[in-house]
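Residues per chain, in single letters:
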Amino acid sequence: MILLTPGPVTTRPEVRAAMAHDFAPWDDDFMPMHASVRDRIRALAGGVIGEHVGFVLQGSGHFVMEAALRTFMPRAGSILIPCTGQYAERMARLASETGRRVVILALPQDRLMDPNAVRAALDADPSISHVGLVYSETSTGIVHDVAAVGAAVRAAGRRTLIDAISAFGALPVDMAAMPECDAVVCTSNKCLEALPGLGFCVARVDRLERCSRNAESWCFDLADSYFASLAHGWGSFRFTPPAQVLNSVRVALDFLEAEGGPASRLARYASNMGVLYHGVRSLGLSPCLPEHLQGPIVMNVHTPAAPGWTLCGYVDALKLRGVVISNFSCTEFPSMRLGAIGAISPADAQWAVGQMGDALGRRAA
Ligand SMILES: *Cc1c(COP(=O)(O)O)cnc(C)c1O
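Draft legend 1. Seen up close, the pairing of strand β6 (residues 159–163). Within β6, five of the five residues are buried, which leaves the element mostly enclosed by the surrounding structure. Side chains R159, L161 and D163 of β6 all project onto a buried face; the interleaved residues T160 and I162 project onto the opposite face, where all are buried too. Relative to β6, strand β5 (residues 128–134) runs parallel, the two sharing five bridges. Bridge pairing links H130 to R159 in β6. With respect to chirality, the unit in which β5 leads through helix α6 (residues 146–155) into the neighbouring parallel β6 is right-handed. Direction of pairing for β6 relative to strand β7 (residues 181–187): parallel, over a ladder of four bridges.

The following block contains the structure:
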């Protein structure tokens, strides 16, 4: 069975096997392991020792995104969120639930985010302190240029918070070159290919030191967590961690390194995506994005016009054939989505295209 979804993703057996070991979190085995995962995540984000730190948090992507919003945004602050799709809308909901003012920048969702539009929105509203960016918009499949938009935000003297949840581990992240960025957020079970259950944040130390009063939460306060780790050790956890999942992250990071790092992983995902993109076309289906806009993480496909076709029926038919796809659509029009990420190869993607054709009763042309 393979997961052809943009998270959760297929994991390697060695990564799953790493769960079969119990730890006490205050133990001499666990603490150095946790400390080293924090540092490896920081390094993957292009963070600089002394300038940036990595955090490991219990929970999924939404949890750690909430922590970043609560920690770095002033309580009376305003955040501009360019609306690239459903994941940007989720960030807007998280920010407004914390009581922050949200300013939505409406954008065409089938195009790259325009840095000039972001700059104009910032110039029009001096009360905005932060811009919330989704790097890889998992609802559309478009990968946005966070470096270019970040440069516009920097020029306007504001700060960014970046949701890199479906990007991190494959697409490049260089925090050293983005001084306007307070925090980058990601999770264990997307491009890092570990088990789900943990979120990560890489954040600026100077900002953490100045943001110790914002969060109105103990669990979601990264500044509190930072000061607690200075006091109790870099490998300490404030609350009981899913230690087994963290051990799976350690093994998954070893595999990422062995593969050649994020650039090599990105190349594999791009090959997977090429196979899926051309494969669905050969089945007579049409991708929703033109090829030059299609990112390497997830694609949407217009649903087949065949009479009686339903997404749920198709999902079930594919599952019987060993392929799991999302059972919901992320677009305003009917579509199905296919993920190209996880521990799968272009050969797996090719096999999956064959199963998709079989379940449609069609053969690849
Ligand atoms: C998956 C995803 C999330 C949400 O992550 P959960 O782990 O489901 O909470 C947020 N943003 C983006 C861009 C994602 O791809």
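Draft legend 2. View of the sheet that holds β6. Read across the sheet, seven strands follow the order β2-β8-β7-β6-β5-β3-β4 without closing on themselves; strand pairing throughout is mixed. Looking at strand neighbours, the two that pair on one side only are β2 (52–58) and β4 (101–106), the edges of this open sheet. Looking at each pair of strands side by side, their axes are set apart by 20° on average, direction ignored. Relative to β5, strand β3 (residues 78–83) runs parallel, the two sharing three bridges. By the bridge assignment for β5, I79 is matched with H130. The strands that helix α2 (residues 30–44) touches are β2 and β8 (198–204); relative to β2, the one it contacts most, it runs at about 120°.

Draft legend 3. Geometry of the site of the ligand. Looking at the ligand, the residues that line it are S60, G61, H62, Y87, V134, S136, T138, D163, I165, S166 and K190. Between the ligand and S60, the relevant distance is 2.6 Å, taken from an oxygen atom to a side-chain nitrogen or oxygen of the residue. At 2.7 Å from a nitrogen atom of the ligand is found a side-chain nitrogen or oxygen belonging to D163. Relative to its unbound accessible area of 390 Å², the ligand is 83% covered by the protein chains.

Draft legend 4. Spatial organisation of the packing of helix α5 (residues 115–124) against α6. With their axes 9 Å apart at the nearest point, α5 and α6 run at an angle of 25° to one another. The angle between α5 and α6 falls in the class roughly parallel. Considering the relative orientation of α5 and α6, their crossing is right-handed. Contacts between α5 and α6 involve P115, V118, R119 and L122 from the former and A148, V149, A152, V153 and A155 from the latter. Grouping the constituent residues of the contact of α5 with α6 by class yields eight nonpolar, no polar and one charged.

Draft legend 5. Spatial organisation of unusual backbone geometry. Here the bond from G7 into P8 is cis, since omega is -5°, no more than 30 degrees from zero. Among the structural elements, P8 can be located in the loop between β1 (2–3) and α1 (13–17). Although it is not a glycine, E193 adopts a positive phi angle of roughly 60°. Along the chain, E193 falls in the loop between β7 and β8. What makes E193 buried here is its relative accessible area of 4%. Phi at E216 is positive, roughly 50°, even though this residue is not glycine.

Draft legend 6. The pattern of salt bridges, seen in detail. Counting across every chain of the model gives 18 salt bridges. Between R204 and E51 there is a salt bridge, and its shortest N-O distance comes to 3.8 Å. Of this pair, R204 sits in strand β8 while E51 is found in the loop between α2 and β2, placing the two residues 153 residues apart along the sequence. Across the salt bridge formed by R159 and D182, the nearest N and O atoms sit 2.4 Å from each other. With R159 in strand β6 and D182 in strand β7, this pair connects stretches of sequence that are 23 residues apart. A residue is classified by how much of its surface remains accessible, and D182, at 0% relative accessible area, is buried.

Draft legend 7. Molecular detail of the nonpolar core. Counting 58 residues, the largest nonpolar core has V37, L80, V118, I162, F168 and F200 as the members making the most contacts within it. Only α2, β4, α5, β5, α6, β7, β8 and α9 (243–259) provide two or more residues apiece to this core. Counting residues per element, this core draws most heavily on α9, at eight residues. Those residues in contact with V37 that sit more than four places away from it in its chain are V56, F200, L246, V249, R250 and L253.

Draft legend 8. Inspection of the packing of aromatic side chains at higher detail. Per the stated rule, a full pass over the model turns up seven aromatic pairs. Relative to F220, the ring of F63 has its centre 6.3 Å away and its plane inclined at 45°; by these criteria the two rings are tilted. Taken together, the residues span a long stretch of sequence, with F63 in helix α3 (residues 61–72) and F220 in the loop between α7 (205–210) and α8 (222–232) at a distance of 157 residues. Among the residues examined, F63 registers a relative accessible area of 42% and is labelled partly exposed. Aromatic pair W309 and Y314: ring centres 5.5 Å apart, planes at 45°, arrangement tilted. For the pair W309 and Y314, one class covers both residues: buried.

Draft legend 9. Representation of the side chain of E66 in the model. Among the structural elements, E66 can be located in helix α3. Residue E66 is classed as buried on the basis of its relative accessible area, which comes to 17%. Apart from the residues within four sequence positions on either side, E66 is in contact with L94, T98 and F220.

Conventions we followed
- Residues numbered from 1 in each chain as written.
- Predicted model: local features only at pLDDT ≥ 70, side-chain atom pairs only at ≥ 80, totals over all residues.
- Heavy atoms only, no water.
- Buried < 20%, exposed > 50% of the residue type's maximum accessible area, 1.4 Å probe, protein only.
- Helix = DSSP H or I, 4+ residues; strand = E, 2+ residues; numbered from the N terminus.
- Pairing = 2+ DSSP bridges.
- Right-handed = clockwise from strand over helix to strand, strands pointing away.
- Axes fitted to C-alpha atoms, helices over the stretch in contact; angles between N-to-C directions.
- Contact = heavy atoms within 4.5 Å.
- Near = heavy atom within 4 Å.
- Polar contact = N/O pair within 3.5 Å; in protein donor to acceptor, adjacent residues only side chain to side chain.
- Areas by Shrake-Rupley, 256 points an atom, 1.4 Å probe, with all protein chains shown as cover.
- Parallel < 35°, antiparallel > 145°, perpendicular 65-115°, else oblique.
- Left-handed = near helix turned anticlockwise from the far one by under 90°.
- Nonpolar A, V, L, I, M, F, W, Y, C, P; charged D, E, K, R; others polar.
- Salt bridge = Lys/Arg side-chain N within 4 Å of Asp/Glu carboxyl O.
- Core = buried A, V, L, I, M, F, W, Y, C linked by side-chain atoms within 4.5 Å.
- Phe/Tyr/Trp six-rings, centres within 6.5 Å; stacked < 30°, edge-to-face > 60°.

Functional significance is not addressed by these values, which are geometric in nature.
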